[in-house]
Amino acid sequence: MGPLLSASHAIDVLNRWVSRLAVWAVLLACVVSAGNAAVRYLVSYSSNSWLEVQWYLFTVIVMLGAGYTLHRNEHVRVDLVYGNLPSRARLWVDVFGLVLFLGPAMAMLAWMTWPFFLDSWQRQESSSNAGGLLRWPVKLILPIGFALIFLQGISELIKRVAALIGTAPDEVELVAEYVRPEQ
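Throughout what follows, the structure given in this document is the object of discussion. (Residues numbered from 1 in each chain as written. Predicted model: local features only at pLDDT ≥ 70, side-chain atom pairs only at ≥ 80, totals over all residues. Heavy atoms only, no water.)

## With respect to a nonpolar patch on the surface
The grouping of Leu-14, Trp-17, Leu-21, Leu-151 and Ile-154 at the surface amounts to a nonpolar patch, some 420 Å² of accessible area in total. Of all the elements in the fold, those that place two or more residues in the nonpolar patch are α1 (2–43) and α4 (136–165). Element by element, the count of residues in the nonpolar patch is highest for α1, at three residues. As for its position among the elements, Leu-14 is in helix α1. (Patch = residues over 30% accessible without salt bridge, like charges linked within 9 Å, V, L, I, M, F, W, Y side chains within 5 Å. Areas by Shrake-Rupley, 256 points an atom, 1.4 Å probe, with all protein chains shown as cover. Salt bridge = Lys/Arg side-chain N within 4 Å of Asp/Glu carboxyl O. Helix = DSSP H or I, 4+ residues; strand = E, 2+ residues; numbered from the N terminus.)

So, in structure tokens, the structure goes:
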């Protein structure tokens, strides 16, 4: 399990690093949004490209931040039953969810969005709006984001299986790590 846990740690580090791009994209989206509004109202000038930049930044925020959100266990979950289960049962629920749902869905979405990006890149597709931007850069974010979520799912699976077989830190601490914020 040692090499797998090392791989899991490397995936966690990768998603933590990539999530920093998402954090900076939040700040940049706010600046672009405020700047666009200020220019529009102060000098009566607007550009569709600034609106598209905001949309592209929102894509970066969601797709590049989702893997780290999964790592932190901050994703949306209906917690009516899960939170009341013992820690070992929660580990099993997570294993089944990762294997049966998250893994296949993210693999399929990454696979399906890659040709979507390639077609856009080969045609140098651009927005039909006046002043619109190239579309392929934002379409590239989709397969990258889905692949990062898939990788994080593998990392989470490794950690939960290690906890179930007793080769990871105490399973209660492992689950608690995902419930409380990092220090």
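## A few points about the environment of Gly-131
Following the sequence through the fold, Gly-131 ends up in the loop between α3 (87–123) and α4. The exposure class assigned to Gly-131 is partly exposed, which follows from its relative accessible area of 48%. (Buried < 20%, exposed > 50% of the residue type's maximum accessible area, 1.4 Å probe, protein only.)

## Some thoughts on the pattern of salt bridges
One pass over the structure, following the stated rule, counts seven salt bridges. A salt bridge links Arg-160 to Asp-94; the nearest nitrogen and oxygen atoms lie 2.7 Å apart. Taken together, the residues Arg-160 in helix α4 and Asp-94 in helix α3 connect sequence positions 66 residues apart. Owing to a relative accessible area of 4%, Arg-160 belongs among the buried residues under this scheme. By relative accessible area, which is 11% here, Asp-94 ends up buried. Salt-bridge contacts for Arg-160 lead to Glu-156; the nearest nitrogen and oxygen are separated by 2.7 Å. Taken as a pair, Arg-160 and Glu-156 lie in helix α4 at a separation of four residues, close to a single helical turn. The exposure classification of Arg-160 matches that of Glu-156, with both residues buried.

Read these as spatial facts, not as claims about activity.
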